[in-house]
Amino acid sequence: MVKAGTLEKGDVMVTIEESGEREIIIKSKLERLYGEAIRKTVEEMTTDIVGKIYVEDMGALDWVIRARIEAAIRKFRGEEQ
Amino acid sequence: MPINAVGREVPSEINGQKFKPFAGDMKTPPEGRRAGSLLRMVPESRSKVVNSIEEVIKKVGLEDGMTVSFHHHLRNGDFVVNMVMETIRKMGIKDIRVFPTALFPVHEPLVPMLSDGTIRRIEGSMNGPLGEATSYGAMRETAVLRSHSGRVRAVESGEVHIDVAFIAAPTADPYGNLNGVDGPSACGPLAYGMVDAYHADHTVAITDHLVPYPAHPISIFQHQIDYVVPVNKIGDPNGIMSGTLRITTSPSRLKIARYALEVIDKVALKDGFSFQAGAGGISLAVTKFLGDLMKKRGIRASFINGGVTKYVVDMLHEGLVDVVFDGQAFDLDAVKSLKEDANHIETPLAMYGNPYSSGGIVNMLDVGVLGATEVDIDFNVNVNTHSDGLLLHGIGGHQEVAAGSALTIVTVPLYRYRVPVIKERVTTVTTPGEVIDVVVTEHGIAINPKRDDIIEAMRGSKVPVYDIQDLQKKAERICGKPQEPKTTDDIIAAILWRDGTIIDVVYRVKK
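Note that the structure is a prediction, hence the values are computed from the model and not measured.

A.B. asks: Mind showing me how you'd approach the overall build of chain A here?
C.D. replies: The number of helices and strands found in chain A is two helices and four strands. Going from N to C terminus, chain A has its helices and strands arranged as β-β-β-α-β-α. The C-alpha extent of chain A, read off along each of the three principal axes, is 35 × 20 × 15 Å. For chain A, the proportion of its 81 residues judged to be buried stands at 30%. Summarising the internal contacts of chain A: among those between residues at least 6 apart in sequence, 71% fall at separations of at least 24.

Shown next as structure tokens:
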């Protein structure tokens, strides 16, 4: 399991766990305002990840979410090798 | 439904009572005379002390469907609202209209009373859980929100008749003289409660500091108080007083304060000027910076209207301001100064900004610095709902300070976390753009196009000046466009302008 990010306000914590199936769980403080946008970003950036992707958003801007996902993916790939 | 002057569709009736649509500030003249309270005669007794809330409720004859009122000087430390409402519930009295100046998270115990028949509706500010529950449809009837001055107007005009006013009193004597500056639950002025004491049919003071007759100083006088109920504690000092309020340390918020200071300097700063102070982080910073600048330049203000804090008291003691008007004290320095300084004056709320009076303090303000939850490209301001549609805050004095001040500045970040603050259209209109002059963000300022004089005064300033549309686009570029709030057609609250016209309504939010 790898993690990137924090649970500070304005940040996001992205966790990827090895799993045979691809699964995405998103929890956001701004679900009602940006739930769809966050889901789109996560789906788009993790298309080739097979694993359990858990995103806990504390109101992060989109580029923050993207940076955290990228960091998590790199760690996840590093772990795989 | 008619469309009002800010383009919102509003009903002409709320809870069976007729209301006019908002037509612009000072565009709807008053009608009629001031409303009065019941004449009464007290028995020949030298004490008005009653030993329990239950007993006093029986004495005043509180019945199903009546209206009870409260003031909010004890803020989030208040015990009185819960104490009284819980007694009413236990006595089986139903369908009460609760008419507070404001409720806070501490009043969450009222939420179940919305559905068990005790409360039919609340007319007043609901900060936090009660507002949220109301947003999801918990209240049987429709909430009505008014500004501080709008509430005074509603009482004076008879739009709202108070059957029983329960007045939290940090100090009381047995014959009903009250003040807020002494006792373990001291809060400063009792300004919010004064109009209720004068206009309610029955008045009950609730105190945890009973002193021998006569109490002094006196904020609310004995001839307006029917009963005095001593209790153990009326509040928690930690929730009443804010402790030492700290100026924001956020670099972007400080930048907003600096920009606001620059606007004040270029447009309004001169000997004898006046301003409205508040307790928000940016507002405190503006007050502090303004004091420093005045000292440097040798400028003295004629008055500050508070929201009184230590920063305002310091200015009074340093001779930077002649008079402090006090409608609300936020810390113990403010309470102490109100008690000791002759030029620190407690003002009844009726003197604040009621448009249907012979003129309020706000009419004499040169500068008002206000906050906002959202601002839109028409300069309309929302302080009531969040962008997801939830009703979470009251109006406070926003409307009258904006309407009265010669220069009205709204200080806001361009966005909070990911939520844009400058929007195409605010979720709810609290204050119309016609009374907002400058919006100050950390990225720069926008000046209301109808204020040529301010546009001219800001030429050559270091502060970046933008069209408000550009600030809105910038916010949207950074944050992305948020989803529209998921609301229904049910109106859960009406937002009244200070003159009693409907400026907007709030809809029920889907779970």
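A.B. asks: Got a minute to help me understand the pairing of strand 2 (residues 12-17) of chain A in this structure?
C.D. replies: On any regular strand, side chains alternate: one points to one face of the sheet, the next to the other face. Residues and elements named next belong to chain A. Of the two faces of strand 2, only one is covered, namely that formed by Val12, Val14 and Ile16; the face formed by Met13, Thr15 and Glu17 stays uncovered. Note: strand 1 (residues 2-5) against strand 2, four bridges, orientation antiparallel. What sits directly across from Val2, in strand 2, is Ile16. Linkage of strand 1 to strand 2, two consecutive antiparallel strands, is achieved through a turn of six residues, within which Gly10 is found at a positive phi near 85 degrees. With six bridges joining them, strand 2 and strand 4 (residues 52-57) adopt antiparallel strand pairing. Residue pairing for strand 4: Met13 is matched across the bridge by Glu56.

A.B. asks: Is there a simple way to think about the sheet that holds strand 25 (residues 438-441) of chain B in this case?
C.D. replies: Strand pairing within a sheet occurs via backbone hydrogen bonds; the two strands may be parallel or antiparallel. Residues and elements named next belong to chain B. Pairing within the open sheet is mixed, and its nine strands lie in the order 17-16-15-14-18-21-25-26-27. Every interior strand has two partners, whereas the edge strands, strand 17 (344-346) and strand 27 (465-466), have only one. Across two bridges, strand 14 (residues 274-276) lies against strand 18 (residues 367-370) in parallel orientation. Its bridge partner being in strand 18, Gln276 is matched across the sheet by Gly368. Sheet strands in contact with helix 8 (residues 251-267) are strand 18, strand 21 (407-411), strand 25 and strand 26 (444-447), and its direction is about 145 degrees off that of strand 25.

A.B. asks: Sorry, what's going on with the environment of B:Val6 here?
C.D. replies: All names here are of chain B. Note that Val6 resides in the segment before strand 1 (13-14). Taking the number of C-beta atoms within 10 Å as the measure of exposure, Val6 has 21 and is therefore buried. A sequence separation of 427 residues divides Val6 from Gly433, and the C-alpha atoms of the two residues are 8.4 Å apart.

A.B. asks: Would you mind showing me how to read the domain arrangement of chain B here?
C.D. replies: For interface size, the figure often reported is the accessible area lost on association. Residue and element names in this part refer to chain B. The domain boundaries assigned to chain B delineate domain 1 (33-240) and domain 2 (251-484). Of note, the centres of domain 1 and domain 2, computed from C-alpha atoms alone, are 30 Å apart. Facing the 28 residues of domain 1 at the interface are 32 residues of domain 2. Broken down by secondary-structure element, the contributors of at least two residues to the side of domain 1 that touches domain 2 are strand 7 (125-126), helix 4 (129-135), helix 5 (148-157) and helix 6 (191-199). Residue contributions to the side of domain 1 that touches domain 2 peak at six residues, all from helix 5. Of the residues contributing to the side of domain 1 that touches domain 2, the split by class is twelve nonpolar, 13 polar and three charged.

A.B. asks: Any chance you could explain the environment of B:Ala191 here in plain terms?
C.D. replies: All names here are of chain B. Along the chain, the position of Ala191 falls in helix 6. Taking C-alpha positions, Ala191 is 8.5 Å from Ala350, a pair spaced 159 residues apart along the chain. In this structure, Ala191 is in contact with Gly327, Gln328, Glu346, Thr347, Pro348 and Leu349, ignoring residues within four places of it in sequence.

A.B. asks: I keep staring at the confidence of the model for chain B and nothing clicks. Help me out?
C.D. replies: Do not read the fine detail of predicted coordinates wherever pLDDT is low. Averaged over every residue, the pLDDT of chain B is 96; the share at 70 or more is 100%. Across the interfaces of the predicted complex, the ipTM metric reaches 0.91, alongside a pTM of 0.95.

A.B. asks: Explain helix 1 (residues 31-45) of chain A to me, please; I cannot follow it from the model alone.
C.D. replies: Each turn of an α-helix holds 3.6 residues, which means side chains three or four residues apart point in the same direction. Of all bends in helix 1 of chain A, the biggest is about 25 degrees, found at A:Ala37. Buried within helix 1 of chain A we find A:Leu33, A:Tyr34, A:Ile38 and A:Val42.

A.B. asks: Can you help me understand the environment of B:Gln276 in this one?
C.D. replies: Residue and element names in this part refer to chain B. Within the secondary structure, Gln276 is located in strand 14. Taking the C-alpha atoms as reference points, Gln276 and Leu365, 89 residues apart in sequence, are found 7.0 Å from one another. With residues near it in sequence (within four places) discarded, Gln276 still touches Asn305, Leu365, Val367, Gly368, Val369, Val401 and Ser405.

Cut-offs used in this document
- Residues numbered from 1 in each chain as written.
- Chains lettered and ligands numbered in written order.
- Predicted model: local features only at pLDDT ≥ 70, side-chain atom pairs only at ≥ 80, totals over all residues.
- Helix = DSSP H or I, 4+ residues; strand = E, 2+ residues; numbered from the N terminus.
- Buried ≥ 20, exposed ≤ 12 C-beta atoms within 10 Å, placed from the backbone.
- Contact = placed C-beta atoms within 7 Å.
- Pairing = 2+ DSSP bridges.
- Axes fitted to C-alpha atoms, helices over the stretch in contact; angles between N-to-C directions.
- Domains from an automatic or database assignment.
- Nonpolar A, V, L, I, M, F, W, Y, C, P; charged D, E, K, R; others polar.
- pLDDT = per-residue confidence, 0-100.
- Bend = angle between axes of the 7 residues up to and from the residue.

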